[in-house]
Amino acid sequence: MSNAMKQLSRLSKLIFEMEIDLGLSDLSQPEKLVLMAAHEQSDADGQFQTHQLLSHPLSAKMARPTFFRALKLLEQKELLLRNPDKKRGLYSVAET
Amino acid sequence: MLRRLNLDWLTFVVVSVGYISAYTITSGLVMPLQKIFKPQLPVVFSLLFLPHGIRVLAVYFLGWRGILYLIPCSYLMWAISVYGSSIDLAILSPLASLSVVYVAVRMVKTFTESRSTDAFGFSWKECLAIAAIASVFNGIVLSILHGNSFNWILMIGYSSGDMAGQIVLLLLLIAFMKINRKLSKFI
C-alpha cells in the first residue's frame, strides 16, 4: 500500500470512529461495540480473528448470541468482511 | 530529493487538492455569505475557514512532511487572495499558520504519548484538541502579522474561524463517507 493510501485509510478510520462516537451511524449498540473492537484488534492488513473480539473489553461481556448476531449484521452491511479463503473465524475490517 | 525526504507525488496531489478545494469553498461560498450577513466583520478572516482543517489533518497524519506538502498550495492560494481578491495578507502568514499547527501537534502528541494505550495512535478528539490549540496560536500570530501589534478582535476572529472550519470539515467528511458507502452498494 502506498503512503498516501495508508494515510487515507487511517483518516477514514478516524472519521468512522467519530461517526460512531457522535451517534451518527445507523448501527445498534452491540454492532458499534463489535465494530470498535474489530478496529482496535485488527492488524496492519485490517485482519482479526473472532476469538480476539470475544476477549476484547468492549465485547467480552456481551452474550454470545448477541455477539454473533452483531458480527453477522456487520458482515451483511459490508463493514466486516469474512476471509475469502473461508478460514474459520478470520475476518477483515472493510475500508470505510 | 523527494525520495530522500520520503515525500511522494500522490500524497502531494491529495493534500493539495484537499487544501485548494477547502480554500475555494471558503472564499467562493463562505466569504460572500459572510459579507452579506456580517458586513461589519473584517474581510481578512473567515468565520468558517475550512483549510485549517486540512492543515491540521495533513500535519497530524504526515508530521513535518505535511508542512512541506502544504507550502506550495498555501502560497498559491495566498497569492490568489492577495492579487485576486485584494485581501491584505502578510507574506509570512501561510508559513506561520503551518508552523503553529506543527507546534500544536507536537504539544498534544507529547502530552498523550506517555498515557496512550491506543494502538491506532490517531483519534478525532486528539485531532480537535490540536485544532483548538493551533487556532489560538494562529489567531495570535496572524493578528500580529496583520497589524504589527496584537489585536484581540482579529485574534478571536481567526481562532473561531479556524476551529469552526475544523469541526465542519470533519462533519463534511462523515457525510461524504456515508454517501460513498450508500452509493457503493449500488455499484
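### A short note on the overall build of chain B
Now for step 1: Scanning chain B from N- to C-terminus turns up six helices and zero strands.
Now for step 2: Listed by position from the N terminus, the elements making up chain B come as α-α-α-α-α-α.
Now for step 3: The C-alpha radius of gyration of chain B comes to 17 Å, within 12% of the 16 Å expected for a compact globule of 187 residues.
Now for step 4: When burial is assessed residue by residue, chain B has 36% of its 187 residues classed as buried.
Now for step 5: For chain B, the share of sequence-separated contacts (at least 6 apart) that also reach a separation of at least 24 residues comes to 72%.

### Focus on the interface of chain A and chain B
Now for step 1: At the interface, 18 residues of chain A touch 18 residues of chain B.
Now for step 2: Of all the elements, helix α1 (residues 3–21) of chain A adds the most residues to the side of chain A that touches chain B, at 14 residues.
Now for step 3: When its residues are assigned to classes, the side of chain A that touches chain B shows eight nonpolar, five polar and five charged.

### Some remarks on the sheet that holds strand β2 (residues 80–82) of chain A
Residue and element names in this part refer to chain A.
Now for step 1: Taken in spatial order, the three strands of this open sheet run β1-β3-β2, and their pairing is antiparallel. The open sheet has two edge strands, β1 (47–49) and β2, and neither has a second partner. Here the average twist between neighbouring strands, direction ignored, is 35°.
Now for step 2: With three bridges joining them, β2 and strand β3 (residues 90–93) adopt antiparallel strand pairing. Bridging across to β3, L80 finds its partner in V93.

### Description of the packing of α1 of chain A against helix α2 (residues 51–62) of chain B
Think of two packed helices as two axes; the pair is described by the angle between the axes and how far apart they sit.
Now for step 1: At a minimum axis distance of 11 Å, the contact between α1 of chain A and α2 of chain B shows a crossing angle of 115°. Considering only the axes of α1 of chain A and α2 of chain B, their crossing is right-handed. Across from Q7, R10 and L11 of chain A in α1 of chain A, the residues of α2 of chain B making contact are L57, F61 and L62 of chain B.

### Observations concerning the environment of V13 of chain B
Residue and element names in this part refer to chain B.
Now for step 1: If you trace the backbone, V13 turns up in helix α1 (residues 9–37).
Now for step 2: Given 12 C-beta atoms within 10 Å, V13 falls into the exposed group.
Now for step 3: With 69 residues separating them along the chain, V13 and V82 place their C-alpha atoms 23 Å apart.

### Comments concerning the nonpolar core
Now for step 1: Within the largest apolar cluster, 46 residues are counted, with the highest numbers of intra-cluster contacts made by V56, A58, Y60, V101, A104, I130 and A134 of chain B.
Now for step 2: Among the elements of the structure, α1 of chain A together with α1, α2, α3 (64–84), α4 (93–113), α5 (124–147) and α6 (152–186) of chain B are those that each provide at least two residues to this core.
Now for step 3: For Y60 of chain B, the contacting residues outside a window of four places in its chain are V105, C127 and I130 of chain B.
Now for step 4: Within the second largest apolar cluster, 16 residues are counted, among which are L35, L53, L80 and V93 of chain A.

### Brief notes about the packing of helix α2 (residues 29–41) of chain A against helix α4 (residues 64–76) of chain A
Residue and element names in this part refer to chain A.
Now for step 1: Where α2 meets α4, the closest approach of the two axes is 9 Å, and the angle between their N-to-C directions is 80°. Relative to α4, the element α2 lies roughly perpendicular. For the pair α2 and α4, contact is made by P30, E31, V34 and L35 and by T66, F67, A70, L71, L73 and L74, respectively.
Now for step 2: Looking at the contact of α2 with α4 residue by residue, the class counts come to eight nonpolar, one polar and one charged.

### Some details on α2 of chain A
All names here are of chain A.
Now for step 1: Over its 13 residues, α2 extends 18 Å from the first C-alpha to the last, a length consistent with the 18 Å expected when each residue adds 1.5 Å.
Now for step 2: Residues of α2 that are buried include every one of E31, L33, V34, L35, A37, A38, H39 and Q41, and no others.
Now for step 3: Tucked inside the fold, the buried residues of α2 contact α1, β1, α3 (50–54), α4, β2 and β3.

### Focus: the confidence of the model for chain B
Now for step 1: Residues at a pLDDT of 70 or more form 91% of chain B, whose mean pLDDT is 87.
Now for step 2: The complex model carries a pTM of 0.79, and its ipTM stands at 0.80.

### Some details on the confidence of the model for chain A
Now for step 1: Residues of chain A with pLDDT of at least 70 account for 95%, and the chain-wide mean is 82.
Now for step 2: Looking over chain A, one finds the lowest element-wise mean pLDDT in α1 of chain A, namely 82, and the highest in α4 of chain A, namely 90.

Parameters at a glance
- Residues numbered from 1 in each chain as written.
- Chains lettered and ligands numbered in written order.
- Predicted model: local features only at pLDDT ≥ 70, side-chain atom pairs only at ≥ 80, totals over all residues.
- Helix = DSSP H or I, 4+ residues; strand = E, 2+ residues; numbered from the N terminus.
- Rg over C-alpha atoms; globule rule 2.2 N^0.38 Å.
- Buried ≥ 20, exposed ≤ 12 C-beta atoms within 10 Å, placed from the backbone.
- Contact = placed C-beta atoms within 7 Å.
- Nonpolar A, V, L, I, M, F, W, Y, C, P; charged D, E, K, R; others polar.
- Pairing = 2+ DSSP bridges.
- Axes fitted to C-alpha atoms, helices over the stretch in contact; angles between N-to-C directions.
- Left-handed = near helix turned anticlockwise from the far one by under 90°.
- Core = buried A, V, L, I, M, F, W, Y, C linked by C-beta atoms within 7 Å.
- Parallel < 35°, antiparallel > 145°, perpendicular 65-115°, else oblique.
- Expected span 1.5 Å × (residues − 1).
- pLDDT = per-residue confidence, 0-100.

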